[in-house]
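Topology and contacts: notes
Here is how the chains run, residue by residue.
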Amino acid sequence: MVLSKRRVVVTGIGCVSPLGNSAEETWKNVRDGKSGISSITLFDASTCPVQIAAEVKNFDPCDFGIEKTQLRKMARFSKFAVAASIQAVEDAGYTRENFFETNSGVIIGNCVGGMDVAERSLVKFVQTDFDYSRIPPLTTPLMLSCECSSDVCMHFNLHGFSRAVNTACASGTDAIGNAFDSIRLGRCDVCLAGGTEASIDFFDIASYYQLSALTKTCIKPFDASRDGFVVGEGSCMLVLEEYQHAVNRGAKIYAEIIGYGSSCDAYHITSQRTDGSTQALAFEAALKEAEISPEDIQYYNAHGTATIVNDLAESNMLKKVFKKHAKNLSISSTKSMTGHMLGAAGAIETMFCIKSIEDNFVPPTINLSNPDTEGGCDLNYTANTGFSKEISVATNGSFGFGGHNSCLILRKAD
């Protein structure tokens with residue numbers, strides 16, 4: 001039996017980011033080309049090799065309706081996810097009570113879980129001569145990547161499927177893609193999906209630095225002087241819904257998801273194939289599912305990490321997939337403003353695609369003063385200033401350590 005593929009739309013958006021604690025504030029600052037990167041305040045970074053990050057600012061979980069009694073049982077990445085989910089559910093026109101009544105699920109992408117919790121617990125353990133009794137009892141559950149989806153379900157009293165996706169920096173995109181598949185196949189009518197991350201701690205920053213992945217100044221995607229990314233944090237959650245289900249209740253529809261694809265480089269644990277050939281497989285699968293041609297796409301939100309290999313591989317991938325149209329495609333790396341939000345990156349960049357479609361606007365890649373044309377980065381990356389453009393179809397790409405690649409294609413709502 002062949003299952004019919006149902007249409008899937010986005011009806012709610014929630015966001016906690018370095019550029020604002022709502023989708024509206026975040027998008028406004030992205031449109032304006034503002035940077036969310038500043039000196040680290042979450043820990044004493046005076047001896048850390050990198051002293052900048054893209055932190056979430058002025059965040060109080062209670063402002064979003066999270067009970068104080070629950071906070072000690074939640075890691076920072078989970079608090080972000082619940083706060084963004086509350087916003088998304090409300091934005092979709094649901095309440096905490098009636099969202100429980102829907103045939104729903106939760107899928108959230110995350111990379112490292114509660115690494116900040118693990119670091120604090122390990123420091124206590126070591127500083128007390130390995131006295132295990134000083135390890136906080138909730139260390140293990142707060143470390144788990146799946147804690148975020150469980151906490152969202154507990155907040156809304158949801159009893160449908162609850163999953164955490166970890167495909168490194170493609171996690172957020174894959175979580176939305178998995179939710180898209182679940183609705184299309186009839187496993188649920190509504191799904192909360194997105195990504196969350198909170199890994200601005202000494203150990204994580206130093207570990208990325210040891211990989212030669214971080215810059216000490218600013219993130220400059222596709223620039224000839226690029227030298228790495230800046231670690232960001234936050235969460236973006238979307239309410240995905242079966243089209244007719246959304247229409248029947250009179251929901252606002254932001255955009256329709258029409259294609260999802262994924263692939264694996266099967267090449268290296270951190271690096272990518274610079275020819276873009278295996279990354280292209282994810283895009284080709286998404287295009288096939290969407291039943292559109294590359295020429296139908298006007299905007300691409302790039303992974304754009306400002307590392308030498310990623311930016312070259314991504315540019316080559318676009319040339320392979322889009323061919324002559326690659327030169328006409330409007331591209332931007334919003335990581336230049338948000339930093340690299342790791343497991344949440346693909347989710348917030350999906351939101352930027354939706355907002356680009358809604359506003360007919362291409363956001364900028366800031367800090368791009370000298371495109372690396374000689375190094376193969378010779379496409380239209382929207383340097384420093386965004387602009388208005390009719391956008392009916394947009395796509396984003398995410399590429400994670402281990403060769404995890406994924407792509408979503410979104411179309412303007414009917």
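Scope of this entry: the structure provided in the associated data block. Fair warning: this is a prediction, and the values are worked out from it, not measured in the lab. (Residues numbered from 1 in each chain as written. Predicted model: local features only at pLDDT ≥ 70, side-chain atom pairs only at ≥ 80, totals over all residues. Heavy atoms only, no water.)

The subject of this paragraph is the overall build of the protein. From N to C terminus, the protein includes 14 helices and 14 strands. Its C-alpha atoms give the protein a radius of gyration of 20 Å, near enough to 22 Å, the size a compact globule of 414 residues would have. Based on the C-alpha atoms only, the size of the protein along its principal axes is roughly 65 × 50 × 40 Å. Each of the 414 residues in the protein was classed as buried or not, and the buried ones make up 59%. Summed over its atoms, the accessible surface of the protein is roughly 15,900 Å², and 52% of this surface lies on carbon and sulfur atoms. One way to put it: in the protein the 36 positive side-chain charges average out to a point 2 Å from where the 47 negative ones average out. (Helix = DSSP H or I, 4+ residues; strand = E, 2+ residues; numbered from the N terminus. Rg over C-alpha atoms; globule rule 2.2 N^0.38 Å. Buried < 20%, exposed > 50% of the residue type's maximum accessible area, 1.4 Å probe, protein only. Areas by Shrake-Rupley, 256 points an atom, 1.4 Å probe, with all protein chains shown as cover. Lys, Arg positive; Asp, Glu negative; His and termini not counted. Charge placed at Lys NZ, Arg CZ, Asp CG, Glu CD.)

Quick look at the packing of aromatic side chains now. Scanning the entire structure with this criterion turns up 11 aromatic pairs. Plain terms: the ring middles of Phe43 and Phe202 are 5.8 Å apart, the flat faces sit at 50 degrees to each other, and that makes the pair tilted. Of this pair, Phe43 sits in the loop between strand E2 (38–39) and strand E3 (52–53) while Phe202 sits in helix H9 (residues 202–210), and the two are 159 residues apart along the sequence. Here Phe43 falls in the buried class, since its relative accessible area comes to 17%. A residue is classified by how much of its surface remains accessible, and Phe202, at 27% relative accessible area, is partly exposed. Both rings, one in Phe59 and one in Phe80, keep their centres 4.9 Å apart while their planes meet at 70 degrees; by these two values the pair is edge-to-face. Of this pair, Phe59 sits in the loop between E3 and helix H2 (68–71) while Phe80 is found in helix H3 (residues 76–91), placing the two residues 21 residues apart along the sequence. In this pair, the class of Phe59 matches that of Phe80, namely buried. Against the face of Phe161 rests Arg163, its NZ or CZ located 4.2 Å from the ring centre. (Phe/Tyr/Trp six-rings, centres within 6.5 Å; stacked < 30°, edge-to-face > 60°. Lys NZ or Arg CZ within 6 Å of the ring centre and 35° of its normal.)

The subject of this paragraph is the pattern of salt bridges. Overall, the coordinates contain 17 salt bridges when judged by the stated rule. Several salt bridges share partner residues, and in doing so they unite Arg7, Glu256 and Arg411 into one network. (Salt bridge = Lys/Arg side-chain N within 4 Å of Asp/Glu carboxyl O.)

Attention shifts here to helix H11 (residues 277–290). The end-to-end C-alpha distance of H11, which contains 14 residues, comes to 20 Å, matching closely the 20 Å that a straight helix rising 1.5 Å per residue would cover. Among the residues of H11, those classed as buried are Thr278, Gln279, Ala280, Ala282, Phe283, Ala286, Leu287 and Ala290. Each element contacted by the buried residues of H11 is listed here: strand E8 (255–264), strand E9 (299–301), helix H12 (308–322), strand E13 (393–400) and strand E14 (404–412). Trailing H11 by a residue or two, Glu291 shows a phi angle of about 60 degrees, which is positive. (Expected span 1.5 Å × (residues − 1). Contact = heavy atoms within 4.5 Å.)

Next up on the list: the pairing of E13. Along E13, eight of the eight residues are buried, which leaves the element largely enclosed by surrounding structure. Both faces of E13 are covered, namely the face carrying Val393, Thr395, Gly397 and Phe399 and the face carrying Ala394, Asn396, Ser398 and Gly400. With eight bridges connecting them, E13 and E14 associate as antiparallel partners. In the strand pairing of E14, Gly397 is matched with Cys407. Hairpin connection from E13 to E14: three residues lie between these consecutive antiparallel strands, with Gly402 at a positive phi of about 90 degrees. (Pairing = 2+ DSSP bridges.)

What follows concerns unusual backbone geometry. Within the chain, Ala266 stands out as a residue other than glycine whose phi angle is a positive 50 degrees. One non-glycine residue, Glu291, lies in the positive phi region at around 60 degrees. If you trace the backbone, Glu291 turns up in the loop between H11 and E9. The class of Glu291 is exposed, set by a relative accessible area of 71%.

Before going further, it helps to spend a moment on the sheet that holds strand E4 (residues 104–109). With mixed pairing, 10 strands are arranged side by side in an open sheet as E5-E4-E6-E7-E1-E8-E14-E13-E9-E10. The sheet is open, and its two edges are formed by strand E5 (162–165) and strand E10 (330–332), each paired on a single side. Across the sheet, the mean angle separating the axes of adjacent strands is 25 degrees when strand polarity is ignored. Together, E4, E5 and strand E6 (190–197) form the strand contacts of helix H7 (residues 147–156), whose direction differs from that of E4 by roughly 150 degrees. Along the sheet, helix H8 (residues 171–184) makes contact with strand E1 (8–16), E4, E5, E6, strand E7 (234–242), E8, E13 and E14, crossing E8 at roughly 120 degrees. (Axes fitted to C-alpha atoms, helices over the stretch in contact; angles between N-to-C directions.)

Next up on the list: the layout of surface pockets. Sizing a probe to match a water molecule and rolling it over the atoms shows the empty space that remains. Approximately 400 Å³ is the volume attributed to the largest pocket. Around the largest pocket, the lining comprises 22 residues; the ones closest to its centre are Ala213, Thr270, Thr307, Asn310 and Phe401. Of all the secondary-structure elements, those providing two or more residues to the lining of the largest pocket are H12 and E13. The leading source of residues in the lining of the largest pocket is H12, at three residues. Tallied by class, the residues present in the lining of the largest pocket amount to 10 nonpolar, 11 polar and one charged. Put simply, the second largest pocket is a space of about 170 Å³. If one sorts the elements of the lining of the second largest pocket by residue count, helix H5 (residues 115–127) sits on top with three residues. Residues that form the lining of the second largest pocket fall into these classes: four nonpolar, one polar and six charged. (1 Å grid on protein atoms, 1.4 Å probe; cavity = no way out; pocket = protein on both sides within 12 Å on 5 of 7 lines; lining within 4 Å. Points joined across faces, edges and corners; volume = space filled by probe spheres on them. Nonpolar A, V, L, I, M, F, W, Y, C, P; charged D, E, K, R; others polar.)

A word on the pairing of E6. In terms of burial, E6 is a largely internal element, eight of the eight residues being buried. Of the two faces of E6, the one lined by Val190, Leu192, Gly194 and Thr196 and the one lined by Cys191, Ala193, Gly195 and Glu197 are each fully buried. Of the strand pairs in this sheet, E4 and E6 are connected by six bridges, and their pairing is parallel. Looking at the pairing, Gly109 lines up with Gly195 of E6. Summarising the sheet, E6 and E7 pair through eight bridges and their orientation is antiparallel. Paired with Leu192 across the bridge in E7 is Val239.

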